[in-house]
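Descriptive analysis of the structure
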2 protein chains.
Amino acid sequence: MGLKTALIQLKCSENLPANIERIRAEIRAAAASGARLILLQELHNNHYFCQTEATDHFDLAETVPGPSTEIFSALAAELNIVLLLSLFEKRSSGLYHNTAVVIDCDGSLAGCYRKMHIPDDPGFHEKFYFTAGDLGFNPIQTSVGKLGVLICWDQWFPEAARLMALSGAEILIYPTAIGWDPDDRQTEKKRQLEAWITVQRGHAIANSLPLVAINRCGTEAAADRRNKIDFWGNSFACGAQGEMFVQAGEKDETLLVDIDLEQSEQVRRIWPFLRDRRIDAYDDLLKRFRD
Amino acid sequence: MGLKTALIQLKCSENLPANIERIRAEIRAAAASGARLILLQELHNNHYFCQTEATDHFDLAETVPGPSTEIFSALAAELNIVLLLSLFEKRSSGLYHNTAVVIDCDGSLAGCYRKMHIPDDPGFHEKFYFTAGDLGFNPIQTSVGKLGVLICWDQWFPEAARLMALSGAEILIYPTAIGWDPDDRQTEKKRQLEAWITVQRGHAIANSLPLVAINRCGTEAAADRRNKIDFWGNSFACGAQGEMFVQAGEKDETLLVDIDLEQSEQVRRIWPFLRDRRIDAYDDLLKRFRD
């Protein structure tokens, strides 16, 4: 018996109370199905507001602890679950982060991770909203295990996963908001979705750790209605050899999966990558470019 | 029109002259098909002798330059091709390496890479034979491009691929000798093969670089006949988003593929990972473990 884990993939509306009610209902259902670790997608309370740069959107931010941690801490304690939240954190006036918060099963705040790699691309103007994290790459200890929580854009950076593994993370977890430009061709969409899955499975393999990614789904129009993103769903969980356990489609879906946190020990005995890292020859990983 | 590349996947015999004749014939055929970059598998001249630890096997080693570079330099110049060799290098008495050698199309030695990460597992006793490389992770400049040549076990280490990318490599190339323990179950075999492909596609994606892996194939018995390895073939080439171009089966096969070295520039404009690396927070990548 592994750790029963739920990945809640949802289409967000622009109505915050409705989103939260929907999430609470899904969490209750997952807990009723036996999930002990329940994971939400990136910035689950709101529409993905980073499609445009608008100062009013800072009104969506909240403190940590704050209103969301209060609501969800109570729920986690009631249901005796460990819960991953993803919040738009207001740390100070003029200082905001994209922050994952883990609530332990007694309702206490187990820890936070502030997104370290911040994207900025057409439709994903995150550098406008979020200061890059300053908490480093540190797993969060909980009653169900040591969680290597990273966020979305981090998933393209092997360095992030490796640092979590080197800190003893037992699982890699990526809440995410990624989707297609509706104008892209089908072949490009397929390449992007496969690349997103593959690079993460690669982190699982390179670090001999199970990995889960929780993505949003559904089409969201930008606040100015000039653009939209088709969030591609496809949340998934894989094992320490990258083997796929479960994968969602493109619609609302809660995935339930048993994850064996003991598998890593066995995999690392046949594939002892940590034994052989050439730390004497990695100095230039700290450089921007070797020119 | 990309760079026409040939991956020569062969079953090795224990007869060195026969192996070399076979390889020369395949190189000639590939060049006749228009290949300008021709890639051989790891330690292509011999049976995979690392299945056992036997001092006699050091007789298989040769200097670089030496007999193999002489033979293959002449062929490269004759055919006007860039050629990747993988040799058991004798650097001194008591000092041997697992070394990739790139010959440019005029027959000159473009450069060497000495395998940096050395495995040692049942059936793969490489730490007995090979001193870990001391040339670092540096691509080799040739007339067809800057080649990020790594070898086999390196393929599990994202650090190696990243350092090549940071040095301006235009393609990642992995000559390999990997296979199954015939006693493993089918499900484990499938996981291992998929993990091997996936982790490398992950490096292609994380670095926005095309990637090729050239593996040996066929069953080889250990010198003491106590064990054997089923080398799994499945050589492949993928693009800068990890998209598969070609993939071999488990038998002898030469893959021909056009690789567009310009694709990286386009992919890096939509996915600018190099822009966002948190080099201020990567220091602990130089640690063995964060304890």
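Rules used throughout
Residues numbered from 1 in each chain as written. Chains lettered and ligands numbered in written order. Predicted model: local features only at pLDDT ≥ 70, side-chain atom pairs only at ≥ 80, totals over all residues. Heavy atoms only, no water. Pairing = 2+ DSSP bridges. Helix = DSSP H or I, 4+ residues; strand = E, 2+ residues; numbered from the N terminus. Axes fitted to C-alpha atoms, helices over the stretch in contact; angles between N-to-C directions. 1 Å grid on protein atoms, 1.4 Å probe; cavity = no way out; pocket = protein on both sides within 12 Å on 5 of 7 lines; lining within 4 Å. Points joined across faces, edges and corners; volume = space filled by probe spheres on them. Least-squares fit on C-alpha atoms with pLDDT ≥ 70 in both. Expected span 1.5 Å × (residues − 1). Buried < 20%, exposed > 50% of the residue type's maximum accessible area, 1.4 Å probe, protein only. Salt bridge = Lys/Arg side-chain N within 4 Å of Asp/Glu carboxyl O. Core = buried A, V, L, I, M, F, W, Y, C linked by side-chain atoms within 4.5 Å. Contact = heavy atoms within 4.5 Å. Buried area = accessible area lost by both parts, 1.4 Å probe. Polar contact = N/O pair within 3.5 Å; in protein donor to acceptor, adjacent residues only side chain to side chain. Nonpolar A, V, L, I, M, F, W, Y, C, P; charged D, E, K, R; others polar. Left-handed = near helix turned anticlockwise from the far one by under 90°.

This brings us to the sheet that holds strand β10 (residues 211-215) of chain B. Sheet strands line up and pair through hydrogen bonds in the backbone, either parallel or antiparallel. Residue and element names in this part refer to chain B. One open sheet accounts for 6 strands, arranged β6-β7-β8-β10-β13-β14; its pairing is mixed. In the strand order of this sheet, the two ends are held by β6 (140-142) and β14 (244-247), each with one partner. On average, each strand axis in the sheet is inclined to that of its neighbour by 20°, with strand direction left out of account. By the bridge criterion, 3 bridges tie strand β13 (residues 236-238) to β14 in an arrangement that is antiparallel. Along β14, the bridge assignment pairs F236 with Q247.

A few words on empty space enclosed by the protein. Taken as a whole and judged by the stated rule, the model has 4 cavities of 30 Å³ or more. In this structure, the largest cavity spans a volume of roughly 70 Å³. Together, A:P158, A:V199, A:G202, A:H203, A:A206, B:P158, B:V199, B:G202, B:H203, B:A206 and B:N207 line the largest cavity. Among the secondary structure elements, those contributing two or more residues to the lining of the largest cavity are α5 (186-207) of chain A together with α5 (186-207) of chain B.

Turning our eyes to something else, we now look at the relation of the copies chain B and chain A. Copies of the same chain, two in number, are related to each other by a rotation about an axis and a translation along it. Rotating chain B by 180° about the axis while translating it 0.0 Å along that axis superimposes it on chain A, leaving an RMSD of 0.0 Å. Here the copies are linked by what is in effect a two-fold axis. When C-alpha positions in chain B are compared against the rotation axis, the closest is assigned to B:G202, at 2.5 Å.

Here we take up α5(A). A turn of α-helix holds 3.6 residues, and therefore any two residues three or four places apart point the same way. Residues and elements named next belong to chain A. Here α5 is 22 residues long and its end C-alpha atoms lie 32 Å apart, about the 32 Å a rise of 1.5 Å per residue gives. Where burial is concerned, most of α5 is hidden: 17 out of the 22 residues are buried. With its phi angle positive at about 50°, S208 sits one or two positions after the end of α5.

Residue and element names in this part refer to chain B. What the rule picks out here adds up to 44 salt bridges over all chains. Among the ionic pairs, K115 bridges to E126, the shortest N-O distance being 2.7 Å. One end of the pair, K115, is in the loop between β5 (109-114) and α3 (126-129); the other, E126, is in helix α3, with 11 residues separating them in the sequence. Just as K115 is buried, E126 falls in that class too.

Judged by nonpolar contacts, the single largest core of 124 residues is most densely connected at A:W156, A:I173, B:W156 and B:I173. Once residues lying within four places of it in the same chain are set aside, the contact partners of A:I173 are A:L37, A:L39, A:L84, A:L147, A:G148, A:V149, A:L150, A:V212 and A:I214.

Moving on, we come to the interface of chain B and chain A. Counting residues at the interface gives 55 residues for chain B and 55 residues for chain A. Both sides of the chain B and chain A interface together cover about 5600 Å² of buried area, and 60% of this is carbon and sulfur. By the criterion of area lost to chain A, the three top residues of chain B are B:L286, B:R288 and B:R290, representing 13% of everything that side buries. Taken together, chain B and chain A are joined by 8 salt bridges. For B:E159, the salt bridge identified is with A:R162, shortest N-O distance 2.7 Å. Applying the counting rule to chain B against chain A returns 36 residue pairs in polar contact (both at pLDDT 80 or more). Elements with a minimum of two residues in the side of chain B that touches chain A: α4 (158-166), α5 and α7 (273-276) of chain B. For the side of chain B that touches chain A, a count of residues per class yields 27 nonpolar, 9 polar and 19 charged.

In the contact formed by α5(A) and α5(B), the axes pass within 7 Å of each other and the chain directions differ by 115°. For the crossing formed where α5(A) meets α5(B), the hand is left-handed. Note on element contacts: α5(B) touches α5(A) through B:E194, B:A195, B:T198, B:V199, B:R201, B:G202, B:I205 and B:A206, opposite A:E194, A:A195, A:T198, A:V199, A:R201, A:G202, A:I205 and A:A206. Residues belonging to the contact of α5(A) with α5(B) are distributed by class as follows: 8 nonpolar, 4 polar and 4 charged.

Moving on to the packing of helix α4 (residues 158-166) of chain A against α5(A). Residue and element names in this part refer to chain A. Running from amino to carboxyl end, α4 crosses α5 at an angle of 35°, the nearest separation of the two axes being 10 Å. Between α4 and α5 lies a crossing whose hand is right-handed. When α4 is examined against α5, the residues P158, A161, R162 and A165 are found in contact with a partner set consisting of H203, A206 and N207. Among the residues making up the contact of α4 with α5, the classes are represented as 4 nonpolar, 2 polar and 1 charged.

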